[in-house]
Amino acid sequence: MAALSLIRRELEEAAGRSGRLIDDISLMAVSKTQPYERLLDLYDEGQLLFGENRVQEAADKLPDDRPEGMKVHLIGHLQSNKAKRALTLFDQIDSVDSLRLAQILEKHLDRPYPILLQLKTSDEASKHGFADEDELLFALEAISSFRCLTVKGIMSIGPLTSEEFVTRKAFEQTRNLYHRAQELFPELNLDTLSMGMSGDFALAIAEGSTMVRIGTRMFGART
Ligand SMILES: *Cc1c(COP(=O)(O)O)cnc(C)c1O
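So, a few notes on the structure that sits alongside this text. From a predicted model like this one, the values you see are computed outputs, not experimental measurements. Counting from 1, residues in each chain are numbered in the order their sequence is written. In view of the model being predicted, local features appear only for residues whose pLDDT reaches at least 70, and side-chain atom pairs are presented and counted only at 80 or more, with totals across whole chains, interfaces and linings using the full set of residues. Values shown for side chains rest on all heavy atoms present in the structure; no hydrogens or waters enter the calculation.

1. A look at the overall build of the protein chain
Part 1 of the reasoning: A tally of regular secondary structure across the protein chain gives 9 helices and 8 strands.
Part 2 of the reasoning: Its C-alpha atoms give the protein chain a radius of gyration of 17 Å, near enough to 17 Å, the size a compact globule of 223 residues would have.
Part 3 of the reasoning: In terms of its C-alpha atoms, the protein chain occupies a principal-axis envelope of roughly 45 × 40 × 35 Å.
Part 4 of the reasoning: Here the protein chain, with 223 residues, has 50% of them falling under the buried criterion.
Part 5 of the reasoning: Any two residues whose heavy atoms approach within 4.5 Å at even a single point are treated as in contact. In the protein chain, the proportion of contacts linking residues at least 24 apart, taken out of those at least 6 apart, comes to 57%. To qualify as a helix, a DSSP run of H or I must reach at least 4 residues; to qualify as a strand, a run of E must reach at least 2; elements of each kind are numbered from the N terminus. When we talk radius of gyration, it's over C-alpha atoms, and the globule rule is simply 2.2 Å times the number of residues to the 0.38. Note on exposure labels: buried denotes an accessible area under 20% of the residue type's maximum, exposed denotes more than 50%, and partly exposed covers the range between, all computed with a 1.4 Å probe on protein chains only.

See below:
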């Protein structure tokens with residue numbers, strides 16, 4: 001698929017413009033609505049990291065035995081009644097948006113399990129995430145004493161806007177929180193700042209993103 005090498009080149013250019021190294025930014029292929037065969041095609045080209053936003057869809061399309069090294073993260077809102085199922089389906093959950101959900105996940109676990117905490121950076125009703133920095137840090141502190149759940153970093157979704165400065169502000173807010181969390185909890189070795197999608201990944205990279213989540217630009221428009 002030509003799309004993959006094109007995106008890699010665009011990421012590299014965006015990294016270069018911001019004085020950053022492409023190796024410090026991982027590329028997630030957001031494969032929601034795509035059939036499993038498309039994931040396998042990309043995997044054959046060397047793409048290992050995938051993102052899905054619905055538990056039911058992932059359960060329906062992903063086989064239990066996936067090829068070596070393929071990782072699938074949940075990036076959509078998780079309802080607590082699907083928490084247990086999500087833990088068996090996904091290698092990581094990037095969209096943990098409440099302490100209560102974290103507690104429920106922990107209850108079902110007996111092994112280390114990585115998560116990201118999602119910060120809500122806009123008022124859009126459709127968006128999930130911790131409402132503000134303090135709430136997220138409070139949860140982070142609580143989770144840091146859990147036996148199994150391991151917080152790796154923070155995710156946010158850029159606002160629905162064509163105003164660049166609004167998007168940048170949201171990413172800046174997320175990055176500032178990420179740095180504050182790293183300072184407050186050095187022992188956690190937080191290493192993931194997931195932000196940036198097809199329309200705003202260059203701004204996200206300029207603001208320090210270490211993981212971009214690309215869907216339409218990789219697979220074409222979703223139907
Ligand atoms: C769909 C989705 C993406 C990818 O969006 P595109 O604009 O298609 O790149 C990224 N992150 C989340 C949380 C999503 O739901």
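2. Structural notes on the pairing of strand β2 (residues 49–52)
Note on strand geometry: in a regular strand, side chains alternate between the two faces of the sheet.
Part 1 of the reasoning: Neither face of β2 is open: one carries Leu 49 and Gly 51, the other Phe 50 and Glu 52, and all of them are buried.
Part 2 of the reasoning: DSSP bridges decide pairing: two strands pair if at least two such bridges lie between them. Note that strand β1 (residues 26–30) and β2 share 2 bridges and pair parallel. Considered in β2, the bridge of Ala 29 is made with Phe 50.
Part 3 of the reasoning: Handedness of a crossover is defined as follows: orient the strands so they point away from the viewer, and if the path from the first strand over the helix to the second runs clockwise, the crossover is right-handed. Handedness of the β-α-β unit built from β1, helix α2 (residues 36–44) and β2 comes out right-handed.

3. What to know about the site of the ligand
Part 1 of the reasoning: In these notes, residues near a molecule or strand are those with any non-hydrogen atom within 4 Å of it. Taken together, Val 30, Lys 32, Ile 75, Ile 157, Met 197, Ser 198, Arg 213, Ile 214, Gly 215, Thr 216 and Arg 222 are the residues near the ligand.
Part 2 of the reasoning: A distance of 2.5 Å is found between an oxygen atom of the ligand and a side-chain nitrogen or oxygen belonging to Ser 198.
Part 3 of the reasoning: Two N or O atoms form a polar contact when they lie within 3.5 Å of each other; inside protein one atom must be a possible hydrogen donor and the other a possible acceptor, and for residues adjacent in sequence the pair counts only when both atoms belong to side chains. Here an oxygen atom of the ligand and a backbone polar atom of Thr 216 are 2.8 Å apart.
Part 4 of the reasoning: Coverage of the ligand by the protein chains reaches 89% of its 390 Å² of free accessible surface.
Part 5 of the reasoning: Put simply, Ala, Val, Leu, Ile, Met, Phe, Trp, Tyr, Cys and Pro go in the nonpolar bin, Asp, Glu, Lys and Arg in the charged bin, and everything else, Gly too, in the polar bin. Residue classes in the shell around the ligand are distributed as 5 nonpolar, 3 polar and 3 charged. Accessibility throughout is a Shrake-Rupley quantity obtained with a 1.4 Å probe, and a residue counts as covered only by protein chains that appear here.

4. So, the environment of Lys 82
Part 1 of the reasoning: Here Lys 82 lies in the loop between β3 (71–74) and α4 (83–89).
Part 2 of the reasoning: The spatial distance from the C-alpha of Lys 82 to the C-alpha of Met 211 is 25 Å, given a sequence separation of 129 residues.

5. Examining the packing of helix α6 (residues 133–143) against helix α7 (residues 164–184)
Part 1 of the reasoning: Between α6 and α7, the shortest axis-to-axis distance is 11 Å and the interhelical angle comes to 35°. Where α6 crosses over α7, the two elements pack in a sense that is right-handed. On the side of α6, the interface is formed by Glu 133, Asp 134, Leu 136, Leu 137 and Leu 140, while α7 contributes Gln 173, Leu 177, Arg 180, Ala 181 and Leu 184.
Part 2 of the reasoning: Residues belonging to the contact of α6 with α7 are distributed by class as follows: 6 nonpolar, 1 polar and 3 charged. To define axes, lines are fitted to C-alpha atoms, for helices over the stretch in contact only, and angles between the resulting N-to-C directions are given on a 0 to 180 degree scale. Crossings are assigned a handedness: left-handed for a near helix turned anticlockwise from the far helix by less than a right angle, right-handed for a clockwise turn.

6. Some points on α7
Part 1 of the reasoning: One less than the number of residues in a helix, times 1.5 Å, gives the span that helix is expected to have. In this model α7 runs 30 Å from its N-terminal to its C-terminal C-alpha over 21 residues, within 8% of the 30 Å that 1.5 Å per residue would give.
Part 2 of the reasoning: Here α7 has its buried residues at Thr 167, Ala 170, Phe 171, Thr 174, Leu 177, Tyr 178 and Ala 181. For α7, the angular spread of the buried residues around the axis is 115°, confining them to a single face. Exposed positions of α7 whose direction lies more than 90 degrees from the buried face are Glu 164, Phe 165, Lys 169 and Glu 183. As used here, the arc belongs to the directions running from the helix axis to the C-beta atoms.

7. A word on the environment of Asp 65
Part 1 of the reasoning: Along the chain, Asp 65 falls in the loop between α3 (55–61) and β3.
Part 2 of the reasoning: When its relative accessible area of 63% is taken as the criterion, Asp 65 is described as exposed.
Part 3 of the reasoning: A C-alpha to C-alpha distance of 29 Å links Asp 65 and Phe 146, two positions 81 residues apart in sequence.

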